[in-house]
Amino acid sequence: MTSTLRTIPRLALRAPPTAKLSALRLPAATTSSARVLARAYSSQQRQYQLPRTRKAGNGGIIGVLAAGALAGWYFYSKQQDETPAWKKVNYQSVYKDIADLLEDEDYDDGSYGPVFVRLAWHASGTYDKKTRTGGSSGGTIRHAPEAEHGANAGLEVARRRLEPLKQKYRNISYGDLYTLAGVVGIQELGGPTIQWRPGRSDLQAEACTPDGRLPDAAQGADHVRDIFYRMGFDDREIAALVGAHALGRCHSNRSGYEGPWNASPTAFTNFFYTELLENTWVTKKWDGPKQFVDKPTGAFMMLPADMAFKTDPRFRTYIELYARDQDTFFNDFSAAFAKLLELGVKFPDDAPTYRFKPLD
């Protein structure tokens, strides 16, 4: 009897929960021993079945679901981490937010558009095709010493205005933000559509370009060609790009020069060309650097480098074309400005090209 009872727990524990009593190989026992065996088996069976049908069953399902969710989160997070930063930006939203920053009656002529165009221009116009350095990729115009170059005086106004958007869209590079701001400035002030691509990366101050790569407003046609040929532009493209002087004005506390080029400095038109050719320009009498003003009113100005486009025969051919045909100017400017913004940029192979529609 004693040996039989000692055998019962071991046999019961070895038996699977669904095993039948008849399947157990038990030593011979008395009737009472059989009853003890039956009660023991029944008790052991309940111990196995209860966790399976209640606690173990639900817990198992929850565990499987939790494991699946954890695995899904891991692979999703890994995928997100591997997505390039530039792909995480909604550029249509950035365009709209930049456009919302343009109007400000307390700034200049009521718009930041012209200074955004100048920022994009100067961020991109440092490219050197021989050394393949400079250009908008890197956003180095935000760093000293490049930010402090004389040609970039006053551009901190534009960078400060745009900085909240960099904080809002943390995955956008400064190079993309500054060039897109130039596109917005052109288009929202009535200019042509400019195609634009994202994918520029940011660099630190050691990548800043040396001073002297941007045009010197005090120089003539030879200097203008030297600067633009270094970037890879021809005479027609140069003449088209200078038409951006229809926008904005000069400030004596920035460039040293003073005044707007025409009567509508917040509208992108071909007025730079018509004013240059049709108005009479005289040297301004003042203590500042040499510049020209219109003889009838003295309200508008031209830089010495601007006047070179009127006096140089090859440049003048295109100035006359754009003065009489704004559509041709818009088409040529659109292509040249898009080229300018992309100089030196190594775009990702899958970077899309955007053609944003101006806001209503």
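Reading the values: rules and limits
- Residues numbered from 1 in each chain as written.
- Predicted model: local features only at pLDDT ≥ 70, side-chain atom pairs only at ≥ 80, totals over all residues.
- Heavy atoms only, no water.
- UniProt positions renumbered as here; feature names shortened; annotations may be inferred.
- Helix = DSSP H or I, 4+ residues; strand = E, 2+ residues; numbered from the N terminus.
- Buried < 20%, exposed > 50% of the residue type's maximum accessible area, 1.4 Å probe, protein only.
- Contact = heavy atoms within 4.5 Å.
- Polar contact = N/O pair within 3.5 Å; in protein donor to acceptor, adjacent residues only side chain to side chain.
- Axes fitted to C-alpha atoms, helices over the stretch in contact; angles between N-to-C directions.
- Parallel < 35°, antiparallel > 145°, perpendicular 65-115°, else oblique.
- Left-handed = near helix turned anticlockwise from the far one by under 90°.
- Nonpolar A, V, L, I, M, F, W, Y, C, P; charged D, E, K, R; others polar.
- Lys, Arg positive; Asp, Glu negative; His and termini not counted.
- Salt bridge = Lys/Arg side-chain N within 4 Å of Asp/Glu carboxyl O.

Looking up the chain in an unreviewed UniProt entry gives the name Peroxidase, with the organism given as Coemansia spiralis. In the Sequence similarities (unreviewed entry) part of its UniProt record, the chain is described as follows: "Belongs to the peroxidase family. Cytochrome c peroxidase subfamily." As recorded by UniProt, the Catalytic activity (unreviewed entry) comment attached to the chain reads in full: "2 Fe(II)-[cytochrome c] + H2O2 + 2 H(+) = 2 Fe(III)-[cytochrome c] + 2 H2O".

**Q** How would you explain the environment of aspartate 312 if you had to name every residue and give the values?
**A** With respect to the helices and strands, the residue aspartate 312 is situated in the loop between α10 (304–311) and α11 (313–324). On the accessibility criterion, aspartate 312 (13% relative accessible area) is buried. In this structure the C-alpha to C-alpha distance between aspartate 312 and glycine 220, which are 92 residues apart in sequence, comes to 9.1 Å. Each residue touching aspartate 312, except ones within four places of it in the same chain, is listed here: Ala221 and Arg225. A distance of 3.0 Å separates a polar atom in the side chain of aspartate 312 from the backbone nitrogen of phenylalanine 315.

**Q** Explain the packing of helix α4 (residues 113–124) against helix α12 (residues 326–342) residue by residue, including any values.
**A** Two elements in contact, α4 and α12, have axes whose closest approach is 8 Å; the angle formed by their N-to-C orientations is 55°. Comparing the axis directions of α4 and α12 gives the class oblique. Our pair here, α4 against α12, has a crossing hand that is left-handed. In contact with Val117, Ala120, Trp121 and Ser124 of α4, α12 contributes Phe337, Leu340 and Leu341. Within the contact of α4 with α12, the residues separate by chemical class into six nonpolar, one polar and no charged.

**Q** Now, about the side chain of aspartate 97: what can you tell me, with residues and values included?
**A** In this fold, aspartate 97 is placed in helix α3 (residues 91–102). With residues near it in sequence (within four places) discarded, aspartate 97 still touches Leu165, Lys168 and Tyr169.

**Q** Any chance you could break down the side chain of arginine 230 for me, citing the residues and the numbers?
**A** Mapped onto the elements of the fold, arginine 230 is located in helix α7 (residues 221–231). Aspartate 128 provides the closest opposite charge to the buried, unpaired arginine 230, separated from it by 4.5 Å. Apart from residues lying up to four places away in sequence, arginine 230 is in contact with Gly125, Thr126, Tyr127, Asp128, Lys129, Arg213 and Arg225.

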